[in-house]
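Each chain, written out:
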Amino acid sequence: MAFAETPWIFPADAFEDTPSRQDGVDKAKERAIRKSVCRMIEEVSRTVFPPMSVVATNSAKVYFHRVFMVQSLTRQDPKMAGITCLFVACKSEECLRPLKRFIWALNMIEVDAKGRSTYPFGKSKNPDKPAEIEEDTEAFQQLRNNILSMERVVLHVLGFEFFVDHPTAYFPRMLRFFDTVRREKEQRTLITMDEDGRNSRESALGHEILNFAHAMANDCNSTTLCLQFRGATLAACCLSLAMKSKNFQVLKMNKWVAAFQETCKDDPDQRFSVIKMTKEDVNDACTQLLDLYDETAKAG
C-alpha cells in the first residue's frame, strides 16, 4: 500500500508507486482505467432504478480510487470493483437499491457493437424489459456471488471507514464567503436577498458559478485528485476556477485563503473549524485539474 499522510490523503509521489505501477501498469494506462471505470459508475448510477444520488455516485468513485491504492488493477477486475463500490455506496449514503438492479443496469449498458449484452445472464420473462433477467439463472447467481465476494475485499480495504470529504459540502458557505471578498470594482454579486430582506440565496451569477463548480467537483472524483487534496481545498479550487470563467473579481488568493480559515476557526462544525488549506495546495489542485482538461481536449 502507498503511504498516506492522513487517512486517504496521499502525497504526489505515492501515485508513482501504487500496487498497479509495481505490477507493470504504466501511469497513462492506470489513469485511463480509473477514469473509464468512474464513467461506468456514473452510467450505472443513472441507469439503476430509481437513479442514485450524486453524493452516493461520487462516494463510489472515491471508494474505487481508495481500493486501488491498496489493490492492483492486474489482480482485481476494475469493473467488478467499480460496480461493487457503487453497491457499497448505496448503503453507506442511505440510497438503498437491491443488488439485482445493479446487475440489470450493468446488463443494459454493457453491450457489444451489435447491441447484445456483454454479460449473457439469461433471459427475461418480460419481453419489454430484456435486461431484467431472472435471478435463478446460473450466470446471474455467479455474477451476484462475484460482487458479494468483491464487497468483502472493498470493505477490508476501506476498513469500514465510509466517510468521504466531499468538496460540494463546502460550496454553499464558500460561495457566500467569496461574495464578501470581492474587489471594489466588482459590482456583481453571488448572493442576493429576497424582497423581504429575511433570506439570502444565490444570484443568477452565483447559481451559474455553483453549477460549474459542481461539474468540476464531479470530475475531481473521477481522478486521483480526491486522494491528493482535502475536500475544502478542492472546493476552493473548483469555485476559484468557476469564478475565473465568469471573470468574477475577488481578492488575491493568499488573502482570501487566510481570511476564509479565520472565519472558520471557531465554527462549532468541526468540518470547518479544522480546515487546513494553503494557497499552494489550491494552486496545485487548479493546475492539475486544468491539465486534465487540456489532456482530454487534445485527445478529442
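Residues numbered from 1 in each chain as written. Predicted model: local features only at pLDDT ≥ 70, side-chain atom pairs only at ≥ 80, totals over all residues. Heavy atoms only, no water.

Draft legend 1. Expanded view of the environment of I83. Position of I83 relative to the elements: it lies in helix 4 (residues 78-92). You can call I83 buried: its relative accessible area is 2%. Spatially, the C-alpha atoms of I83 and I103 are 8.7 Å apart, while their sequence positions differ by 20 residues. Contact partners of I83, with chain neighbours within four places excluded, come to M40, V44, F102, L106 and I147. (Helix = DSSP H or I, 4+ residues; strand = E, 2+ residues; numbered from the N terminus. Buried < 20%, exposed > 50% of the residue type's maximum accessible area, 1.4 Å probe, protein only. Contact = heavy atoms within 4.5 Å.)

Draft legend 2. A look at the pattern of salt bridges. Under the criterion given, the structure shown has 13 salt bridges. The salt bridge involving E16 is made with K27; its shortest N-O contact spans 3.5 Å. Linking E16 in the segment before helix 1 (19-22) with K27 in helix 2 (residues 27-47), this pair joins segments that are 11 residues apart in sequence. Given a relative accessible area of 40%, E16 falls into the partly exposed group. Connected via shared salt-bridge partners are E16, R21 and K27. (Salt bridge = Lys/Arg side-chain N within 4 Å of Asp/Glu carboxyl O.)

Draft legend 3. Spotlight on the confidence of the model for the protein. Mean pLDDT over the protein stands at 86; residues scoring 70 or higher make up 88%. Across the protein, the secondary-structure element scoring lowest on mean pLDDT is helix 12 (residues 270-273), at 78, and the one scoring highest is helix 3 (residues 54-67), at 96. Considering only residues more than four positions removed or in separate chains, one finds that residues 1-5, a stretch of pLDDT under 50, has 13 contacts. (pLDDT = per-residue confidence, 0-100.)

Draft legend 4. Structural detail: unusual backbone geometry. Each neighbour pair has its own omega, and for F49 with P50 the value is -10 degrees, a cis peptide bond. Of note, P50 is situated in the loop between helix 2 and helix 3. Notably, F160 is not glycine yet its phi reads approximately 60 degrees, a positive angle. Checked against the element boundaries, F160 lands in the loop between helix 6 (138-158) and helix 7 (171-180).

Draft legend 5. View of the packing of aromatic side chains. Throughout the structure, instances matching the rule amount to nine aromatic pairs. Plain terms: the ring middles of F10 and F15 are 6.1 Å apart, the flat faces sit at 70 degrees to each other, and that makes the pair edge-to-face. Taken as a pair, F10 and F15 share a single burial class, namely buried. Arranged with centres 5.1 Å apart and planes meeting at 65 degrees, the rings of F177 and F260 form a pair that is edge-to-face. With a gap of 83 residues between them, F177 in helix 7 and F260 in helix 11 (residues 253-264) connect regions that are remote in the sequence. Across this residue pair, the class does not change: F177 and F260 are buried. (Phe/Tyr/Trp six-rings, centres within 6.5 Å; stacked < 30°, edge-to-face > 60°.)

Draft legend 6. Structural detail: helix 2. The first and last C-alpha atoms of helix 2 sit 30 Å apart over 21 residues, in line with the 30 Å expected at 1.5 Å per residue. Within the sequence span of helix 2, burial applies to E30, R34, V37, C38, M40, I41, V44 and S45. For helix 2, the buried positions fall inside an angular range of 160 degrees around the axis, keeping them on one side. Opposite the packed face of helix 2, turned more than 90 degrees from it, sit the exposed residues A28 and R46. The secondary structure elements touched by the buried residues of helix 2 are helix 1, helix 3, helix 4, helix 5 (99-109) and helix 8 (204-221). The distance from a side-chain oxygen at the start of helix 2 to the backbone nitrogen of A28 is 3.2 Å, and the residue carrying that oxygen is D26. (Expected span 1.5 Å × (residues − 1). Arc of directions from axis to C-beta. Polar contact = N/O pair within 3.5 Å; in protein donor to acceptor, adjacent residues only side chain to side chain.)

Draft legend 7. View of a positive patch on the surface. On the surface, R183, K185, K252, K255 and K279 cluster together to form a positively charged patch. Structurally, K255 can be placed in helix 11. (Patch = residues over 30% accessible without salt bridge, like charges linked within 9 Å, V, L, I, M, F, W, Y side chains within 5 Å. Areas by Shrake-Rupley, 256 points an atom, 1.4 Å probe, with all protein chains shown as cover. Lys, Arg positive; Asp, Glu negative; His and termini not counted. Charge placed at Lys NZ, Arg CZ, Asp CG, Glu CD.)

Draft legend 8. How the structure looks around the side chain of T57. Note that T57 resides in helix 3. In this structure T57 comes out as buried when scored by relative accessible area, which is 8%. If sequence neighbours within four positions are ignored, T57 has contacts with I41, E42, S45, M52 and L86.

Draft legend 9. Layout of the nonpolar core. With 48 residues, the main nonpolar core has M40, V44, M52, F64, I83, F102 and I147 as its most contacted residues. Residue assignment for this core shows that the elements contributing at least two residues are helix 2, helix 3, helix 4, helix 5, helix 6 and helix 9 (225-228). Counting residues per element, this core draws most heavily on helix 4, at nine residues. In this structure F102 touches V44, V48, M52, I83, L86, F87, C90 and R97, once residues within four positions along its chain are discounted. (Core = buried A, V, L, I, M, F, W, Y, C linked by side-chain atoms within 4.5 Å.)

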